[in-house]
Every structure is written in structure tokens, then in C-alpha cells.
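The lines below spell out each chain.
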Amino acid sequence: TGRNLYVFCATDPSTSSVTITDTYLNTWTKISGAITSNWVFKCENATGGTGHIFTATPNTTTLYPTIHVVEVTGAATSSSTELYNESVDSGSPFDDSITTSSDNRLILNFIGTRDTTAGATTVVYSATGWTKINEETDWDIYMASALFYADGTTAGTYNASFTEASNQTLEAGLSVFAVIP
């Protein structure tokens with residue numbers, strides 16, 4: 001087992017590609033992207049440490065991208081993701097689910113929002129049964145997004161119903177996957 005890094009990036013919907021780099025010169029593999037304006041990358045058996053800096057470079061610059069980084073230690077160092085689901089939902093609550101076939105999975109769920117009325121300034125998410133790792137709420141400059149996890153101790157279906165507190169007219173891209181220990 002080793003150290004795996006996952007980068008979650010929310011971009012402007014006009015973005016058609018994103019490149020991830022870091023100060024430890026790890027090699028990044030895209031897990032998803034473009035369908036939901038959410039981009040998910042992984043680096044298995046990564047190098048990291050003090051002063052580790054991550055950079056997301058989209059091919060467009062209309063809004064600053066938002067990135068969230070998760071380090072998972074003790075995970076498989078190859079083929080570390082079991083399942084993946086990506087969807088778009090056009091109204092709060094934003095729903096997503098994943099069904100695992102084995103016990104002991106870490107379930108990560110990333111939500112990035114597009115404001116369909118150009119009126120949202122603050123976006124705050126919550127989801128029953130999920131723990132929020134990080135959130136960017138400032139829609140004025142950045143892409144509003146949040147990262148949650150669930151403990152996949154037992155194989156089964158993990159449903160997420162994300163609510164957005166400001167009741168804006170939003171569309172959300174959801175990306176969920178299971179990490180293999």
C-alpha cells in the first residue's frame with residue numbers, strides 16, 4: 001500500500017481540457033472530465049511532502065478554477081478506483097449514487113455548480129450521511145464546489161442528495177467514485 005493523490009477541479013463550462021501539475025512532478029491520470037465541468041485526476045503511488053503545491057491549468061480563463069486535493073494513504077497503488085459515476089442534475093437537491101461490490105471502500109463525491117441565472121454569489125452544500133472535506137462557496141470569482149466522503153465499510157449503494165442553502169437556480173455536475181484499500 002502507498003500514497004495516492006486525487007485532484008478534483010471545477011471549471012467554467014466552456015473548458016474543454018485541464019492539465020494538473022504539482023511541485024513533486026507526479027504523473028496524473030484523468031479519471032473524468034468535460035461532461036460536468038468537473039475534472040478528476042489521480043496519481044497512484046505518489047511522491048509528496050512539505051510545501052506540496054498543485055496547479056490546475058484549464059484551456060480557458062473565464063473564471064478561476066477551483067481545486068480540491070485528497071491524499072489517501074494505505075490504498076492500492078495501482079487500479080485504485082473501483083467504480084465511477086458522473087452526472088448532471090438541474091435542481092437542488094442534486095442526487096447521485098454509487099454501488100460498491102466489495103467492503104472497505106472510501107467513497108469520494110465531488111459536486112461543482114454552474115449558476116444558470118448568473119445570480120449566485122455564495123453556494124453552500126450539505127448532504128446527510130456524507131462528511132464535507134472542503135468547499136469553495138465564492139461564486140463571484142471561483143467555481144463553487146465541494147468535496148464529500150462516505151465510509152464504504154459495507155458493500156452496497158451509497159446515495160447522496162446534496163442540498164444548496166441559498167436556493168439559487170443552479171445546475172450541478174456530480175462525480176463519485178470508490179477508492180480501493
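Along each chain, numbering runs from 1 in the same order as the chain's sequence is written. Local features in this predicted model are restricted to residues whose pLDDT is 70 or higher, and side-chain atom pairs enter the listing and the counts only when it is 80 or higher, whereas totals over whole chains, interfaces and linings include all residues. Side-chain numbers here rest on the full set of heavy atoms in the structure, without hydrogens or water.

Comments concerning the side chain of Asn109
Step number 1: Numbering of helices and strands starts at the N terminus; helices are DSSP runs of H or I of at least 4 residues and strands are runs of E of at least 2. Relative to the assigned elements, Asn109 resides in strand S9 (residues 105-115).
Step number 2: Residue classification places Asn109 among the buried positions, given a relative accessible area of 1%.
Step number 3: A contact between two residues is defined here by any heavy atoms of the two lying within 4.5 Å. Sequence-distant contacts of Asn109, defined by excluding residues within four places in its chain, comprise Asp96, Trp130, Ala146, Leu147, Phe148, Ala160, Phe162, Leu174, Ser175 and Val176. A 1.4 Å probe rolled over the protein chains alone gives each residue an accessible area, and that area as a share of the maximum for its type sets the label: buried under 20%, exposed over 50%, partly exposed in between.

Focus: the side chain of His68
Step number 1: Residue position: His68 is located in strand S6 (residues 66-75).
Step number 2: For His68, a relative accessible area of 3% translates into the label buried.
Step number 3: Under the rule applied, a polar contact is a pair of N or O atoms within 3.5 Å (in protein, one hydrogen donor and one hydrogen acceptor; residues adjacent in sequence only if both atoms are side-chain atoms). Here Asn134 takes part through its side chain, which lies 3.0 Å from a polar atom of the side chain of His68.
Step number 4: Polar contacts involving the side chain of His68 include one to the side chain of Ser145, which spans 2.8 Å.
Step number 5: Not counting residues within four places of it along the chain, the set of residues in contact with His68 comprises Tyr6, Val7, Phe8, Phe110, Asn134, Glu135, Glu136, Ser145, Ala146 and Leu147.

A closer look at the nonpolar core
Step number 1: Counting 16 residues, the largest nonpolar core has Ile107, Ile111, Trp130, Phe148 and Phe162 as the members making the most contacts within it.
Step number 2: Sorting the residues of this core by element identifies strand S8 (94-99), S9, strand S12 (145-152), strand S13 (157-164) and strand S14 (170-179) as the ones contributing at least two each. Put simply, buried Ala, Val, Leu, Ile, Met, Phe, Trp, Tyr and Cys residues joined by side-chain atoms within 4.5 Å make one nonpolar core.

Let's talk about the sheet that holds strand S10 (residues 125-126)
Step number 1: The pairing criterion for strands is at least two bridges between them, as found by DSSP. The three strands are arranged S8-S13-S10 in an open sheet whose pairing can be described as antiparallel. Edge positions in the sheet fall to S8 and S10, since each has one partner strand and no second.

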